[in-house]
Amino acid sequence: MLVLLTAVAGFIAVAVRPVWRVARNAVTIAHEGGHALIALLTGRKLRGIRLEFDTSGLTLSAGRPTGLGMILTLLGGYIAPSLVGVLGAWLLGGNRITLLLWLAVVLLLLMLINIRNLFGVVSLLVTGAIVFAVSWYAEPETQAAFAYAGVWFLLFGGVRPVFELQSLRGRGRMRDSDADQLARLTHLPALFWVGIFLVVNLIALVAGAFLLAGQWLPEGGLSL
């Protein structure tokens, strides 16, 4: 029931617009964190991260403006929330709930060091404080519910921004989106990259759901 109820809660947080407008900040944090992590892993120098009140964000890095490193850095944003969700599902599958929560706190603190605007600082401090409070003070059942709901939210929440991206692109409002920058670097259509974002995130959603659902299937799986 915990897995099922938290799945419903995660889906509602993404599907209901007023809730999504607030909760989307968590997806933006993961999105910009993905850009930042890939930039560092590919040898680029991270200049800073901004998180805005309208749930948009910006990650600046220095290095070659072209090449594989820049392509991977741009690619990392839209797929990061879903991949973090899969990692979380894997940790929950091993009953590592406290480890997952503490890992989230550490990553938020590391990201905080590179934030360059006030709203970004407040957003990360509030998010980190909530996760820390749950991991330190809450009962194990509350920790589990919080962790499962958060992972489901990231798995569902990684998909919706891709549709929002294409909707805005269709209205000509995001001419410098990650997909459009990738198109200029690779000479492949921006729609191709939007499709890549969507396919990766849908695969991540299925994989994450399988990892989480496997915990309430009968021992030995399903029988016909």
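Residues numbered from 1 in each chain as written. Predicted model: local features only at pLDDT ≥ 70, side-chain atom pairs only at ≥ 80, totals over all residues. Heavy atoms only, no water.

> An account of the packing of aromatic side chains is requested, with residue identities and associated values reported.
The way to describe two aromatic rings as a pair is by their centre distance and the angle between their planes. Scanning the entire structure with this criterion turns up nine aromatic pairs. Centroid distance phenylalanine 11 to phenylalanine 156: 5.5 Å. Interplanar angle 75°. Geometry classified as edge-to-face. Separated by 145 residues along the polypeptide, phenylalanine 11 in helix H1 (residues 2-15) and phenylalanine 156 in helix H6 (residues 140-157) bring together distant segments of the chain. On the accessibility criterion, phenylalanine 11 (47% relative accessible area) is partly exposed. (Phe/Tyr/Trp six-rings, centres within 6.5 Å; stacked < 30°, edge-to-face > 60°. Helix = DSSP H or I, 4+ residues; strand = E, 2+ residues; numbered from the N terminus. Buried < 20%, exposed > 50% of the residue type's maximum accessible area, 1.4 Å probe, protein only.)

> Pulling in residues and values, what's your account of the UniProt feature "transmembrane region" (unreviewed entry) in the chain?
UniProt marks residues 67-91, 97-113, 144-163 and 190-217 with the feature "transmembrane region" (unreviewed entry), using the numbering shown here. Across residues 97-113, the secondary structure splits into 94% helix and 0% strand, with the terminal C-alpha atoms separated by 25 Å. Structurally, residues 144-163 comprises 90% helix and 0% strand, and the distance from its first C-alpha atom to its last is 30 Å. (UniProt positions renumbered as here; feature names shortened; annotations may be inferred.)

> Talk me through a nonpolar patch on the surface; I want residue IDs and the actual numbers.
Taken together, the side chains of Leu87, Trp90, Leu103, Val106, Leu107, Leu110, Ile113, Phe210 and Leu211 present a nonpolar region at the surface, about 880 Å² in accessible area. Elements with a minimum of two residues in the nonpolar patch: helix H3 (68-93), helix H4 (97-112) and helix H9 (190-213). Tallying contributions element by element places H4 first for the nonpolar patch, with four residues. For leucine 87, a relative accessible area of 41% translates into the label partly exposed. (Patch = residues over 30% accessible without salt bridge, like charges linked within 9 Å, V, L, I, M, F, W, Y side chains within 5 Å. Areas by Shrake-Rupley, 256 points an atom, 1.4 Å probe, with all protein chains shown as cover. Salt bridge = Lys/Arg side-chain N within 4 Å of Asp/Glu carboxyl O.)

> Give me the environment of valine 162: which residues, what numbers.
Position of valine 162 among the secondary structure elements: in helix H7 (residues 160-170). With a relative accessible area of 2%, valine 162 lands in the buried category. Separated by 39 residues in sequence, valine 162 and asparagine 201 place their C-alpha atoms 8.9 Å apart. The contacts of valine 162, once residues within four sequence positions are left out, are Tyr78, Val194, Phe197, Leu198 and Asn201. (Contact = heavy atoms within 4.5 Å.)

> Got a sec to walk through the environment of phenylalanine 132? Specific residues and values, please.
Along the chain, phenylalanine 132 turns up in helix H5 (residues 118-137). C-alpha separation for the pair phenylalanine 132 and glycine 94, spaced 38 residues apart in sequence, amounts to 21 Å.

> Could you give an account of H1, naming the residues involved and the relevant values?
With 14 residues, H1 extends 20 Å between its outermost C-alpha atoms, agreeing within 8% with the 20 Å of an ideal straight helix rising 1.5 Å per residue. Restricting attention to buried positions, one finds in H1 the residues Val3, Thr6, Ala7, Gly10, Ala13 and Val14. Buried residues of H1, viewed axially, fall in a sector of 125°; they line one side. Buried residues along H1 sit against helix H2 (17-41), H6, H7 and H9. (Expected span 1.5 Å × (residues − 1). Arc of directions from axis to C-beta.)

> Quick rundown of the nonpolar core? Include the residues and the values.
In terms of nonpolar packing, the biggest core is built from 36 residues, with Leu92 and Leu212 touching the most fellow members. Those elements giving two or more residues to this core turn out to be H1, H2, strand S1 (45-51), H3, H4, H5, H6 and H9. Ranked by residues supplied to this core, first place goes to H6 with nine residues. Contacts of leucine 212, omitting those with residues within four sequence positions, involve Val3, Ala89, Leu92, Tyr148, Val151, Trp152 and Leu155. Counting residues in hydrophobic clusters, the runner-up holds 15 residues, among them Leu75, Ile79, Leu182 and Ala190. (Core = buried A, V, L, I, M, F, W, Y, C linked by side-chain atoms within 4.5 Å.)

> Could you give me a rundown of the pattern of salt bridges, with the residues and numbers involved?
For side chains bearing opposite charge, pairing can occur when the charged atoms are close. One pass over the full model with this rule turns up five salt bridges. For arginine 24, the salt bridge identified is with glutamate 164, shortest N-O distance 3.0 Å. Taken as a pair, arginine 24 in helix H2 and glutamate 164 in helix H7 lie far apart in primary sequence, 140 residues in all. Under the relative-accessibility criterion, glutamate 164 is labelled partly exposed at 21%. In this structure, aspartate 176 engages arginine 184 in a salt bridge whose closest nitrogen and oxygen atoms are separated by 2.4 Å. On the basis of relative accessibility, which here comes to 51%, the residue aspartate 176 falls in the exposed class. When salt bridges with common partners are traced through the structure, they connect Arg24, Arg160 and Glu164 into a single cluster.

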